[in-house]
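Read off the chains here:
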Amino acid sequence: MTLERVWLYTNFDCNLQCTYCLSSSHPKALRRELTFGDYRSLVDEAQALGIPELCLTGGEPFLLQDMEQRLDYALQRGLRVTVLTNGLLLSGSRLTAMAHLNKAPLTLQVSLDGDRVGGERQAAEALVTGVADAACMHEGNYRAFIGEGLFPPMSTEVVAYVGPYDHCNMTAGPSIAPEQADAFAARLLAMSYDDPELRPLFDLEGLTKWVAPRTHGYQPLSLAVAALGVSLAIEA
Ligand code: SF4
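Analysis parameters
Residues numbered from 1 in each chain as written. Predicted model: local features only at pLDDT ≥ 70, side-chain atom pairs only at ≥ 80, totals over all residues. Near = placed C-beta within 6 Å. Nonpolar A, V, L, I, M, F, W, Y, C, P; charged D, E, K, R; others polar. Pairing = 2+ DSSP bridges. Helix = DSSP H or I, 4+ residues; strand = E, 2+ residues; numbered from the N terminus. Right-handed = clockwise from strand over helix to strand, strands pointing away. Axes fitted to C-alpha atoms, helices over the stretch in contact; angles between N-to-C directions. Parallel < 35°, antiparallel > 145°, perpendicular 65-115°, else oblique. Left-handed = near helix turned anticlockwise from the far one by under 90°. Contact = placed C-beta atoms within 7 Å. Core = buried A, V, L, I, M, F, W, Y, C linked by C-beta atoms within 7 Å. Buried ≥ 20, exposed ≤ 12 C-beta atoms within 10 Å, placed from the backbone. pLDDT = per-residue confidence, 0-100. Domains from an automatic or database assignment. Arc of directions from axis to C-beta.

## Focus on the site of the ligand
(1) Moving on: If you check the shell around the ligand, you find Cys14, Leu16, Gln17, Cys18, Cys21, Ser23, Ser25, Gly58, Gly59, Glu60 and Asn86 and nothing else.
(2) Moving on: Class assignment of the residues belonging to the shell around the ligand gives a composition of four nonpolar, six polar and one charged.

This is how it looks when you write it as structure tokens:
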């Protein structure tokens, strides 16, 4: 068996307090920090086992003042690193301190979903109760469900991963007039993170800009729906 990645929870406090947070993180939550010493030992162990990827989550990992050093430590040992972050602390001196990692195999994964209490949790519960044999979910949510004990140990297996796709899109129903949809899109795309009035809205979404929609990543799902002959009912 090949181990593809190791997940570490760096801390459990967070600068946000999302209602759907699976780690019950919030600004006053106990930090429960993985110490740098333990972190180093685990990274060394992952390297010795030939595990190529290290994924860090929390809480908000960038609340730890030494996150840059932690990233350096793992990257210098040849691991690819992915950090699940709400992105709000990645500005100013912290961002400047990370500039040298620009070309490193480092992914900062900013989740925009609010779905952990919705569809994906229902899918997970359907697996646990045997209603479903398989479910599709965000890997971060899958790990979080394991972490909170929803999935008993060794009770689930990852069958396949899909490629990257845009997780959140603004989707208009068929009843909207095209000119209204176009006007809405034009307003979004014209928003600037440099505008002090708009910046708080971007920060709430964890964004620095809106981009034109990219839906090609949904093709495997479209093909699966077509193969199963499932019809989608859309209410006007
Ligand atoms: S940003 Fe993430 S870790 Fe922080 S409270 Fe929200 S869901 Fe939890």
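From this point on, the discussion continues.
## Some words on the pairing of strand β1 (residues 5–9)
(1) Moving on: Bridge analysis of β1 against strand β2 (residues 53–57) gives five bridges, and the strand direction is parallel. Directly across from Trp7, in β2, lies its bridge partner Cys55.
(2) Moving on: Taken together, β1, helix α1 (residues 36–48) and β2 constitute a β-α-β crossover, and its handedness is right-handed.

## Topic: the packing of α1 against helix α2 (residues 67–76)
(1) Moving on: In the contact formed by α1 and α2, the axes pass within 10 Å of each other and the chain directions differ by 20 degrees. Judged by the angle between their axes, α1 and α2 are roughly parallel. As for how α1 packs across α2, the hand of that crossing is right-handed. Taken together, the residues of α2 that come into contact with α1 (itself represented by Phe36, Tyr39, Arg40 and Val43) are Arg70, Tyr73 and Ala74.
(2) Moving on: Classifying every residue of the contact of α1 with α2 by side-chain character gives five nonpolar, no polar and two charged.

## What to know about the pairing of β2
(1) Moving on: Taken together, the four bridges between β2 and strand β3 (residues 80–85) define a ladder with parallel strand orientation. Looking across to β3, one finds that Glu53 is bridged to Arg80.
(2) Moving on: Read as a crossover between parallel neighbours, the route from β2 over α2 to β3 is right-handed.

## Re the nonpolar core
(1) Moving on: Val43, Leu54, Leu56, Ala74, Leu79 and Val81 are the most contacted members of the largest nonpolar core, which totals 15 residues.
(2) Moving on: Of all the secondary-structure elements, those providing two or more residues to this core are α1, β2, α2 and β3.
(3) Moving on: When neighbours within four sequence positions are excluded, Val43 is seen to be in contact with Leu54, Tyr73, Ala74, Arg77 and Leu79.

## What about unusual backbone geometry?
With glycine set apart, most residues show a phi of negative sign, and most peptide bonds adopt trans.
(1) Moving on: Omega for the peptide link from Gly58 to Gly59 comes to 15 degrees, which places this bond in the cis form.
(2) Moving on: Along the polypeptide, Gly59 turns up in the loop between β2 and α2.
(3) Moving on: One non-glycine residue with positive phi stands out, namely Ser24, at about 50 degrees.
(4) Moving on: Structurally, Ser24 is set in the loop between β1 and α1.
(5) Moving on: Although it is not a glycine, Arg32 sits at a positive phi angle of roughly 45 degrees.

## Overview of the sheet that holds strand β4 (residues 106–110)
(1) Moving on: The four strands are arranged β1-β2-β3-β4 in an open sheet whose pairing can be described as parallel. The open sheet has two edge strands, β1 and β4, and neither has a second partner. Neighbour-to-neighbour, the strand axes of this sheet turn through a mean angle of 20 degrees, independent of strand direction.
(2) Moving on: This element, α2, spans β2, β3 and β4 of the sheet and lies at about 150 degrees to β3.

## Remarks on the confidence of the model for the protein
(1) Moving on: For the protein, mean pLDDT is 85; residues scoring 70 or higher make up 92% of the total.
(2) Moving on: The secondary-structure element of the protein with the lowest mean pLDDT is helix α7 (residues 199–205), recorded at 76, while α1 shows the highest, at 97.

## Considerations on the domain arrangement of the protein
(1) Moving on: The domain boundaries assigned to the protein delineate domain 1 (5–110), domain 2 (115–161) and domain 3 (178–227).
(2) Moving on: One C-alpha centre belongs to domain 2, the other to domain 3; they are set 27 Å apart.

## What to know about α2
Think of an α-helix as turning once every 3.6 residues; residues three or four places apart then point the same way.
(1) Moving on: Inspection of α2 places Met67, Arg70, Leu71 and Ala74 among the buried residues, and these make up the whole buried set. Buried residues along α2 cover an arc of 100 degrees about the axis, so they all sit on one side. Facing away from the buried side of α2 by more than 90 degrees, the exposed set consists of Gln69 and Gln76.
(2) Moving on: In this fold, the buried residues of α2 make contact with α1, β2, β3 and β4.
(3) Moving on: Looking one or two residues beyond α2, the residue adopting positive phi is Gly78, at roughly 85 degrees.

## What about the environment of Gly119?
(1) Moving on: Tracing the chain through its elements places Gly119 in helix α4 (residues 119–128).
(2) Moving on: By C-beta crowding, Gly119 is classed as partly exposed, having 13 other C-beta atoms within 10 Å.
(3) Moving on: Along the primary structure Gly119 and Ala29 are separated by 90 residues, whereas in three dimensions their C-alpha atoms are 26 Å apart.

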